[in-house]
Amino acid sequence: MGAIGKVFGIFSILLLLWGSYVAYAVLTSNPSFSAEWGRVDPQETEILISGSYSRPLLVPVTLRDVEISFMGKEVARLGKFTYTPTGKNLDVGLIVNNTRLVDAFLSYFAAGEKGSMKITVVPKLFGLFSLKLNVTVPVRQKILEEVHLQAESQPIAGVPFLKTPALLDTKVSYIGSSKGVARFRTELVLHNPNQYPLPVLRLAYVLRANGLDVGRGEMDKGLLVIPAGGTVRVPLTTEVNTSALREAWAKHVNNGEESVVQAELYLRLRIEVQGFSTVKDVKVTTISKTVKTNIMASINEALSSINNP
């Protein structure tokens, strides 16, 4: 055997021994991974993932890149990767671009709330060899279909024999977006509890999230009459400011993944009953709902499948 053959033979034996150790180390190192929110602002959201093992893995690997795409748009990238083969810890930072994330969700709505998320990881072994690993996950959660705001009828101040319409339901669908404004078709189901018809001259509402004005809606028709004891469906066009959504998202995460969403509904009524006639602006109600998410808990739940019991 020549010198070159001996070198390759020794290298193969060392590689085999190293590979055996890596397999043993990974299986017996009791790995533990966890994630938490890092820096969050209207532009970017940082996700920090940390891992630890009971012994060094001696794996000379680095990450060239990590990319998360949603609806064909890159929404997250690798921010940092801290790891040494002789160490017992691993730290990964992912940076989410909030603008691209909002745009991806709008594309998701436009596709009928059907889409996919693609995760691409590019590790580099021995500082020489690179691989590209891809995983595609289907996304089918019906977000807009879960919006069902309701509000009870209440007396109209100064007109004791009349009550405001009751909001029985709210249905939302996506129209499109341009120049930083997303437009939605919002259908309100209103019931008139009175013995008299209610002519509605104007119907509008303001949508707030965490104290920020994020959207406004206006009735498409110029005049609407709700029959006595009747129910009507009122179409509105809702315009949502996407930059305000990014600010609301940052507050949502910083508040422990909790937000207060409010919808203030306004009516201009023409009241003509029993010889009484007037035009009155009425604030129907402020619909307040606390929205909680468990995004980080879901990430940690996924990571727990890697952790050894």
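Here the structure is a predicted model, which means the values were calculated and not measured. (Residues numbered from 1 in each chain as written. Predicted model: local features only at pLDDT ≥ 70, side-chain atom pairs only at ≥ 80, totals over all residues. Heavy atoms only, no water.)

Engineer: Sorry, what's going on with the overall build of the protein here?
Structural biologist: From N to C terminus, the protein includes 4 helices and 18 strands. Counting the 309 residues in the protein, one finds 35% classified as buried. Put simply, 64% of the contacts in the protein that link residues at least 6 apart link residues at least 24 apart. (Helix = DSSP H or I, 4+ residues; strand = E, 2+ residues; numbered from the N terminus. Buried < 20%, exposed > 50% of the residue type's maximum accessible area, 1.4 Å probe, protein only. Contact = heavy atoms within 4.5 Å.)

Engineer: Whenever I open this one, helix H2 (residues 98-110) confuses me. Can you help?
Structural biologist: Within an α-helix, residues lying three or four positions from one another point in the same direction, as the helix has 3.6 residues per turn. The terminal C-alpha atoms of H2 lie 18 Å apart, and with 13 residues this matches the ideal 18 Å at 1.5 Å per residue to within 8%. Looking only at H2, the buried set comprises Asn-98, Val-102, Ala-104, Leu-106, Tyr-108 and Phe-109. Regarding H2, its N-cap is Asn-97, as a side-chain oxygen of that residue lies 3.1 Å from the backbone nitrogen of Thr-99 further along. Once H2 finishes, Gly-112 follows within two positions and takes phi at roughly 80 degrees, a positive value. (Expected span 1.5 Å × (residues − 1). Polar contact = N/O pair within 3.5 Å; in protein donor to acceptor, adjacent residues only side chain to side chain.)

Engineer: Just to check I follow, could you spell out the pattern of salt bridges for this structure?
Structural biologist: Side-chain pairing between opposite charges can occur once the charged atoms of the two side chains come close. For the coordinates displayed, the defined rule picks out 13 salt bridges. With a closest N to O distance of 3.0 Å, Glu-187 and Arg-233 form a salt bridge. Of this pair, Glu-187 sits in strand E12 (residues 181-191) while Arg-233 sits in strand E16 (residues 231-241), and the two are 46 residues apart along the sequence. Relative accessible area serves as the criterion here: at 26%, Glu-187 is assigned to the partly exposed category. (Salt bridge = Lys/Arg side-chain N within 4 Å of Asp/Glu carboxyl O.)

Engineer: Before we go on, may I ask you to explain the packing of aromatic side chains in this structure?
Structural biologist: Per the stated rule, a full pass over the model turns up 10 aromatic pairs. Judged by centre distance (5.3 Å) and plane angle (75 degrees), the ring pair of Phe-70 and Phe-105 falls under edge-to-face. One end of the pair, Phe-70, is in strand E3 (residues 61-70); the other, Phe-105, is in helix H2, and 35 residues separate them in sequence. Accessibility expressed as a relative area gives 2% for Phe-70, which makes it buried. The exposure class assigned to Phe-105 is partly exposed, which follows from its relative accessible area of 30%. (Phe/Tyr/Trp six-rings, centres within 6.5 Å; stacked < 30°, edge-to-face > 60°.)

Engineer: Is there a simple way to think about the nonpolar core in this case?
Structural biologist: Soluble, globular proteins show a tendency: their nonpolar side chains are buried together. With 35 residues, the main nonpolar core has Ile-47, Ile-49, Leu-94, Leu-106, Phe-109, Tyr-174 and Phe-184 as its most contacted residues. At 5 residues, the largest contribution of residues to this core is made by H2. Not counting the four nearest positions on each side in its chain, Phe-109 is found in contact with Ile-143, Leu-144, Tyr-174 and Phe-184. Counting residues in hydrophobic clusters, the runner-up holds 26 residues, among them Leu-190, Leu-265, Val-273 and Val-282. (Core = buried A, V, L, I, M, F, W, Y, C linked by side-chain atoms within 4.5 Å.)

Engineer: How should I be thinking about the confidence of the model for the protein in this particular structure?
Structural biologist: Predicted coordinates in areas of low pLDDT are best not read in detail. The predicted model of the protein averages 84 in pLDDT, with 88% of residues at 70 or higher. Within the protein, helix H1 (residues 3-28) has the poorest average pLDDT of any element, 59, and E12 the best, 94. (pLDDT = per-residue confidence, 0-100.)

Engineer: Mind showing me how you'd approach a nonpolar patch on the surface here?
Structural biologist: Taken together, the side chains of Ile-119, Val-135 and Val-137 present a nonpolar region at the surface, about 210 Å² in accessible area. Structurally, Ile-119 is set in strand E6 (residues 115-125). (Patch = residues over 30% accessible without salt bridge, like charges linked within 9 Å, V, L, I, M, F, W, Y side chains within 5 Å. Areas by Shrake-Rupley, 256 points an atom, 1.4 Å probe, with all protein chains shown as cover.)

Engineer: Would you take a moment to explain the side chain of Thr-186 for this structure?
Structural biologist: Along the chain, Thr-186 turns up in strand E12. Looking at Thr-186, its side chain comes within polar contact range of the side chain of Thr-238, at 2.7 Å. Those residues in contact with Thr-186, other than ones at most four positions away along the chain, are Thr-170, Lys-171, Val-172, Tyr-205, Val-234, Pro-235, Leu-236 and Thr-238.

Engineer: Explain the packing of H2 against helix H3 (residues 242-254) here, please?
Structural biologist: The description of two helices packed together rests on the angle between their axes and the distance between the axes. Closest axis-to-axis distance for the H2/H3 pair is 10 Å, and the angle between their directions is 115 degrees. Classified by chirality, the crossing of H3 by H2 is right-handed. Only Thr-242, Leu-245, Arg-246 and Trp-249 of H3 make contact with H2, whose side of the interface consists of Asn-98, Thr-99, Val-102 and Leu-106. Here the residues of the contact of H2 with H3 are counted per class, giving 4 nonpolar, 3 polar and 1 charged. (Axes fitted to C-alpha atoms, helices over the stretch in contact; angles between N-to-C directions. Left-handed = near helix turned anticlockwise from the far one by under 90°. Nonpolar A, V, L, I, M, F, W, Y, C, P; charged D, E, K, R; others polar.)

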